[in-house]
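Examining the three-dimensional arrangement
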Amino acid sequence: MKQVKISDVECSVGFEILSSIKERILKDRLDYENLDQDEYESYILEYLKVLSYDLSKTGEHRKNDWEKGWEENLILFHKNYDIKSLIPKYHTKSNIARLNKKIIKTFDPEFDFKLHSYIVDSVILKYASGFSKICEFGCGTGYHLFRIQKQLPEKKYFGLDWSTFSQKIISEVSNSLKLNVSGYNFDYFNPDMSFDIKGNLIYTVASLEQIGENHEKFLNYLLEKKPGLCIHFEPIAEVLDQDKNLLDHLTVKYFQKRNYLKNFLTKLRELEKEQKIEILETRRLNYGSKFIEGHTLIIWKTL
């Protein structure tokens, strides 16, 4: 039996994490095991079968699905007013995950969520101190924002999402738990140019994945509105070694099958060559869920 260590998270993000996050890691004691040969072969066989299915694709047509999903989380919150009820159900779907580029078997039903939260919180908290406003685009239930707000309560937080239930959740949670987070309706496919983010910290966590190749409008919005810093945790095929590594190859196939974010980093590199932006970091984080390594870190700013 192995256990997630502080060094695993620090190796992933590339810097020493805050003591508060170290304490969470030690308290949670996330146990796991590497798959044995038979389990690994069964996993690969299942993966190949899944790739042969007609999987649902991302896009504008999925809006009602997200409305329904976040409505379910709001109903759960009404039952117990527990912030844990905001965790999206996809974080607890499987006991198979990824860590350090390996497929692992986990034992805590919240393993995927907890490991993910260590990494997201570590990065956002590292950069948030220099900004008075923090904006998460595609925030869903706002569960990342509420955690970060507790760490830095003096700042203003905005959760933007195209689902109206996202705004309802943020309003009710903020009011009932006295948290300083505001909800705002925002559609990646048709950005509201009136929402001002100049000089603010903005970030996305596995939400741009839902727009496939249609990231031009959102990037134009960012270029015009000039946030102070942009941070993304998104599926990025450009950093994966799909020609030499089997898991990377299958991951990219899965990205394509689901129509996940495509050519986003390629476009950012083009904008950098045009001297419109500066890419500060592109980092493969080497962790993920059952079928994908879906959270490459990209940090950039406008010029």
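These numbers come from a predicted model, not from an experiment.

Rules used throughout
All residue numbers refer to positions counted from 1 along the written sequence of the respective chain. In keeping with the predicted nature of the model, local features appear solely for residues at pLDDT of at least 70, side-chain atom pairs appear and are counted solely at 80 or more, and the whole-chain, interface and lining totals rest on all residues. The basis for every side-chain value is the complete set of non-hydrogen atoms in the structure, without hydrogens or water. Helix and strand assignments follow DSSP, with helices taken as H or I runs no shorter than four residues and strands as E runs no shorter than two, numbered in order from the N terminus. Here the globule rule is a power law, 2.2 Å times the number of residues to the power 0.38, and the radius of gyration is based on C-alpha atoms. Residue exposure (1.4 Å probe, protein chains only): buried if accessible area is under 20% of the type maximum, exposed if over 50%, otherwise partly exposed. Using a 1.4 Å probe, accessible areas were evaluated by the Shrake-Rupley method; residue-level cover was limited to the displayed protein chains. Under the convention used here, Asp and Glu are negative, Lys and Arg are positive, and both His and the chain ends fall outside the count. By convention, the charge on Lys lies at NZ, on Arg at CZ, on Asp at CG and on Glu at CD. Two strands qualify as a pair provided that DSSP identifies no fewer than 2 bridges between them. Comment: axis = line fitted to C-alpha atoms, over the contacting stretch for helices; angle = value between 0 and 180 degrees taken between N-to-C directions. In what follows, roughly perpendicular refers to angles from 65 to 115 degrees, roughly parallel to angles under 35, roughly antiparallel to angles over 145, and oblique to any angle outside these ranges. Helix crossings get a hand from a simple test, with the near helix turned counterclockwise from the far one by less than a right angle marking a left-handed crossing and a clockwise turn marking a right-handed one. The contact criterion used throughout is that any non-hydrogen atoms of two residues lie within 4.5 Å. Think of the arc as the fan of directions from the helix axis to the C-beta atoms. Think of a salt bridge as a Lys or Arg side-chain nitrogen and an Asp or Glu carboxyl oxygen that are within 4 Å of each other. Two N or O atoms count as a polar contact when they lie within 3.5 Å, although within protein this holds only if one can serve as hydrogen donor and the other as acceptor, and sequence-adjacent residues are included solely when both atoms are side-chain atoms. Joining through side-chain atoms within 4.5 Å is the link that ties buried Ala, Val, Leu, Ile, Met, Phe, Trp, Tyr and Cys residues into a set, and such a set is a nonpolar core.

Moving on, we come to the overall build of the protein chain. The secondary structure content of the protein chain amounts to ten helices and twelve strands. For a compact globule of 303 residues, the expected C-alpha radius of gyration is about 19 Å, and the protein chain comes in at 19 Å, within 12% of that figure. Overall size of the protein chain, expressed as C-alpha extent along the three principal axes, is 55 × 45 × 40 Å. By residue count, 53% of the 303 residues in the protein chain fall in the buried class. Put simply, the protein chain shows about 14,200 Å² of open surface, and 48% of that area lies on carbon and sulfur atoms. Of note, the protein chain has its 45 positive side-chain charges centred 2 Å away from the centre of its 45 negative side-chain charges.

A few words on the sheet that holds strand E1 (residues 2-3). Spatially, the five strands line up as an open sheet ordered E1-E2-E4-E3-E11, and their pairing is antiparallel. Here the strands that pair on one side only, and so sit at the sheet edges, are E1 and strand E11 (287-288).

The N-to-C vectors of helix H1 (residues 6-13) and helix H5 (residues 111-128) enclose an angle of 50°; their axes lie 10 Å apart at closest approach. The angle between the axes of H1 and H5 places the two elements in the oblique class. Pair H1 / H5 crosses with right-handed handedness. Two secondary-structure elements touch here, H1 through Val-9, Ser-12 and Val-13 and H5 through Leu-115, Tyr-118, Ile-119, Ser-122 and Val-123.

Looking now at helix H10 (residues 264-273). Along H10, the positions that sit buried rather than exposed are Phe-264, Leu-265, Leu-268 and Leu-271. Angular distribution of buried residues about the axis of H10 spans 115°; they occupy a single face of the element. Summarising the contacts, the buried residues of H10 are in contact with helix H8 (216-225), strand E9 (229-234), strand E10 (277-283) and strand E12 (296-302). With its phi angle positive at about 60°, Gln-275 sits one or two positions after the end of H10.

Counting through the fold element by element, Asp-187 comes out in the loop between strand E7 (181-185) and strand E8 (201-205). Despite being buried, Asp-187 has no salt bridge partner; Lys-63 is the closest side chain of opposite charge, sitting 5.3 Å away. There is a polar contact of 2.8 Å between the side chain of Asp-187 and the backbone nitrogen of Phe-189.

An order of E7-E6-E5-E8-E9-E12-E10 is seen for the seven strands of this open sheet, with the pairing classed as mixed. Only two strands of the sheet have a single neighbouring strand rather than two, namely E7 and E10. Between one strand axis and the next, the sheet turns through 20° on average, direction left out of account. Relative to E8, strand E5 (residues 133-137) is paired through four bridges, and the arrangement is parallel. Within E8, the residue paired with Cys-135 across the bridge is Ile-202.

In globular proteins that are soluble, nonpolar side chains generally tend to be buried together. In terms of nonpolar packing, the biggest core is built from 82 residues, with Phe-137, Ile-231 and Phe-233 touching the most fellow members. Here the element with the most residues in this core is H5; it accounts for ten residues. Contact partners of Phe-233, with chain neighbours within four places excluded, come to Ile-119, Val-120, Val-123, Ile-124, Thr-204, Val-205, Ala-206, Leu-285, Gly-294, His-295, Thr-296 and Leu-297. Residues Leu-35, Ile-44, Tyr-47 and Tyr-254 belong to the second largest nonpolar core, which totals 18 residues.

The next thing to look at is the pairing of E9. Across the six residues that make up E9, a large majority, six, are buried. Of the two faces of E9, both are covered, the one formed by Leu-229, Ile-231 and Phe-233 as well as the one formed by Cys-230, His-232 and Glu-234. Strand direction decides the pairing type here: E8 and E9, joined by five bridges, are parallel. Its bridge partner lying in E9, Tyr-203 is registered against Ile-231. Judged from the five bridges that link them, E9 and E12 form a sheet pairing that is antiparallel. When the sheet's bridge partners are listed, Cys-230 is paired in E12 with Trp-300.

Take it as geometry only, folks, not as evidence of what the structure does.
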